[in-house]
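# Commentary on secondary and tertiary structure
In case you want the letters, here they are:
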Amino acid sequence: MTSTADALFPAVRQRVLAVLFGSPDRSFYANELIALARSGTGAVQRELASLLAAGLITVRDQGNQKHYQANAASPVFAELRGLVLKTVGLADVLRAALAPLAGQITMAFVYGSVARREDTAASDVDVLIVSDALGYAEVFGALESAAQTLGRAINPTLYTRAELARRRAQDNAFVTRVLDQPRIWLMGDEEVLRGD
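In this report, the structure presented in the accompanying data block is examined.

Conventions adopted
- Residues numbered from 1 in each chain as written.
- Predicted model: local features only at pLDDT ≥ 70, side-chain atom pairs only at ≥ 80, totals over all residues.
- Heavy atoms only, no water.
- Helix = DSSP H or I, 4+ residues; strand = E, 2+ residues; numbered from the N terminus.
- Contact = heavy atoms within 4.5 Å.
- Expected span 1.5 Å × (residues − 1).
- Pairing = 2+ DSSP bridges.
- Axes fitted to C-alpha atoms, helices over the stretch in contact; angles between N-to-C directions.

### Digging into the environment of Val127
For Val127, the location among the structural elements is in strand β5 (residues 125-130). Note: C-alpha distance between Val127 and Leu94 (33 residues apart in sequence) is 9.2 Å. When near neighbours in sequence (up to four residues on either side) are disregarded, Val127 contacts Leu94, Phe109, Val110, Tyr111, Ile154, Asn155, Pro156, Thr157 and Leu186.

Okay, here's the thing in structure tokens:
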């Protein structure tokens, strides 16, 4: 199955748009953009030229560097930013929503169809959060603004570290399935998961 992002944009364009429209208030110099887009110089330069020709981004010279930025004056800026946030920029939106609770979260990641890149525009976003301090109401409240931004339902699953460890030890079908799937890390990483 093709993800929404893959149906809309080629892979390199997705990464370039995610950088530029994920942080539209700042500019990026070319080498920085190439590094952040994790793509080859030629491929990124072609995408920048195409986006520039369409008026979707702007460029300005600063010293001997070119700085690229999302064009907020473009008539499709708001719609394109919305599409980027709802598809390739989704993790950044979730990370920002959870940031105020970061000190109380051991790990958090997206799983399910979004992480497998099999989501459609109507797919829910499944998030697993491990915290010994937070309750479901706090997590749900923190993610409410992200759900509005993304225009998608967010389904958080909350475990304490002990609860997750117990379910893993018992070979719980749900936990086993989730941990065997691809993940998009929001907080923590594979080392934290292995050490849990």
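### Section: helix α4 (residues 41-53)
Taking 1.5 Å per residue as the helical rise, α4 with its 13 residues ought to reach 18 Å, and the 18 Å between its terminal C-alpha atoms agrees with that figure. Close packing links the buried residues of α4 with α2 (11-22), α3 (30-37), β2 (57-62) and β3 (65-70). Residue Gly55 follows α4 closely and has a positive phi angle near 80°.

### With respect to the side chain of Ser123
Along the chain, the position of Ser123 falls in the loop between β4 (107-111) and β5. Ignoring any residue separated from it by four or fewer positions in sequence, one finds Ser123 in contact with Ser113 and Arg152.

### Considerations on the sheet that holds β2
With respect to topology, three strands assemble into an open sheet ordered β1-β3-β2, the strand pairing being antiparallel. Looking at strand neighbours, the two that pair on one side only are β1 (28-29) and β2, the edges of this open sheet. Where β2 and β3 come together, six bridges link them in antiparallel fashion. Bridging across to β3, Arg60 finds its partner in His67. The sheet strands contacting α2 are β1, β2 and β3, and the helix crosses β3 at an angle near 80°.

### Digging into the pairing of β3
Every regular strand shows the same layout, with side chains that alternate between the two sheet faces. With two bridges joining them, β1 and β3 adopt antiparallel strand pairing. Looking at β3, one finds that Phe28 is bridged to Tyr68. The antiparallel hairpin formed by β2 and β3 contains two residues in its connecting segment, where Gly63 sits at a positive phi of about 65°.

### Focus on the sheet that holds β4
Whether parallel or antiparallel, the strands of a sheet pair through hydrogen bonds between backbone atoms. As summarised here, the arrangement of the four strands in space is β6-β5-β4-β7, forming an open sheet in which the pairing is mixed. Every interior strand has two partners, whereas the edge strands, β6 (154-159) and β7 (184-187), have only one. In this sheet, adjacent strand axes meet at a mean angle of 25° when their direction is disregarded. Bridge count between β4 and β5: five bridges; the pairing is antiparallel. Note that in β5 the partner of Tyr111 across the bridge is Asp126.

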